[in-house]
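Topology and contacts: notes
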Amino acid sequence: MPVKARLFISKELPPHLAERLSSEGVEFLATPLIKTVPLEFKPEEVTAFSPDIAVFSSKNGVKHFFTRVDPRELEGVTVVAVGSATAKALEELGFSPLVPENFSGEGVVELLKELSVKGKKVLIVRPKKARSVVQDFLEAQGAELLEAVVYETLPRREVKEELERFFEKKVDYAAFTSPSNFKAFLSVTGREELLKGVKLLPIGHVTQKAIEKAGFKPLEPPREYTVEGIVNRLLKQLHR
């Protein structure tokens, strides 16, 4: 099948999505541009805090948090997961998380508005660098807050040559799955010009804003803030 488009996406693709793209004539490079490194935190603080609500911003947060904390410590706690992948990781540990309709800090705020958080103890499990939308809301509502910073993200500089080889030929689309992945692309390659003439597809509005802040004009994100949403959005674009 002739190549209809060439796509870079900053995340590994599950087999069914990779096969779907290939069957549609899309040549792609799918590789994450960041790696996660666990950070030390104090599990005993979590136990002593005894939260009413726990918010997990990513599946990496789930992974690194529960290497140090027994899931039974959160028994009876209302658990919130940002995104379907985070929810799945929590479900595998026996939780039934609430998931905001919008997979973002703003979406979490809308969900928390329904829980009446005034006076509640809220645990936020997050990476070292993160937006403060949820924390700001909770503080304004009079909630008691504990943040567990359990990992940080670093650029995967080892993929630089692979990236540059792929971008030597014309790339039609570059899809970024987080602001960190977009910033890592610029950091790892050091070459903004690689994105010149490339249609940039953000996974959601937070990533969209990060791309716009760097001076680019990305496409509208998919309706569903997932990798599958990106693939659906791209194929819809190709079929126009």
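Residues numbered from 1 in each chain as written. Predicted model: local features only at pLDDT ≥ 70, side-chain atom pairs only at ≥ 80, totals over all residues. Heavy atoms only, no water.

An unreviewed UniProt entry annotates the protein chain as Uroporphyrinogen-III synthase of Thermovibrio ammonificans. Under the UniProt heading Function (unreviewed entry), the note attached to the protein chain is "Catalyzes cyclization of the linear tetrapyrrole, hydroxymethylbilane, to the macrocyclic uroporphyrinogen III." (UniProt positions renumbered as here; feature names shortened; annotations may be inferred.)

Time to look at helix H8 (residues 179-189). For H8, the complete set of buried residues consists of Asn181, Phe182, Ala184, Phe185, Leu186, Val188 and Thr189. Among the structural elements, strand S1 (5-9), strand S3 (34-38), strand S7 (144-155), helix H7 (160-168), strand S8 (173-176) and helix H9 (205-213) are those in contact with the buried residues of H8. Downstream of H8 by a residue or two, Gly190 has a phi angle that is positive, lying close to 65°. (Buried < 20%, exposed > 50% of the residue type's maximum accessible area, 1.4 Å probe, protein only. Helix = DSSP H or I, 4+ residues; strand = E, 2+ residues; numbered from the N terminus. Contact = heavy atoms within 4.5 Å.)

This paragraph deals with the side chain of Thr86. Of note, Thr86 is situated in helix H4 (residues 84-91). For Thr86, a relative accessible area of 3% translates into the label buried. Discounting chain neighbours no more than four positions away, the residues touching Thr86 are Phe56, Ser57, Ser58, Lys59, Val62 and Ala81.

This brings us to the confidence of the model for the protein chain. On average, residues of the protein chain carry a pLDDT of 93, and 99% of them reach 70 or more. S8 holds the highest mean pLDDT among the elements of the protein chain, 97, whereas helix H5 (residues 105-113) holds the lowest, 87. (pLDDT = per-residue confidence, 0-100.)

So, on to the side chain of Arg156. Among the structural elements, Arg156 can be located in the loop between S7 and H7. For Arg156, a relative accessible area of 19% puts it in the buried group. Here Arg156 is in contact with Thr31, Pro32, Leu33, Ile34, Lys35 and Val188, once residues within four sequence places are set aside.

This part takes up the layout of surface pockets. Taken as a whole, the second largest pocket spans an internal volume of roughly 210 Å³. If you trace the second largest pocket, you find it lined by Pro221, Pro222, Arg223, Glu224, Gly229, Asn232, Arg233, Lys236 and Arg240. Taken together, the residues of the lining of the second largest pocket break down into two nonpolar, two polar and five charged. (1 Å grid on protein atoms, 1.4 Å probe; cavity = no way out; pocket = protein on both sides within 12 Å on 5 of 7 lines; lining within 4 Å. Points joined across faces, edges and corners; volume = space filled by probe spheres on them. Nonpolar A, V, L, I, M, F, W, Y, C, P; charged D, E, K, R; others polar.)

Turning next to the pattern of salt bridges. Two side chains of opposite charge can pair, provided their charged atoms sit close to one another. One pass over the structure, following the stated rule, counts eleven salt bridges. Put simply, Glu106 and Arg131 hold a salt bridge, and the shortest N to O gap is 2.6 Å. Placement of Glu106 in helix H5 and of Arg131 in the loop between strand S6 (121-127) and helix H6 (133-140) is noted, with a sequence separation of 25 residues between them. Judged by its relative accessible area of 30%, Glu106 is partly exposed. For Arg131, a relative accessible area of 37% gives the class partly exposed. Where Arg191 meets Glu193, a salt bridge forms, and the shortest distance between an N and an O atom there is 3.2 Å. Here Arg191 falls in the partly exposed class, since its relative accessible area comes to 31%. Among the residues examined, Glu193 registers a relative accessible area of 49% and is labelled partly exposed. (Salt bridge = Lys/Arg side-chain N within 4 Å of Asp/Glu carboxyl O.)

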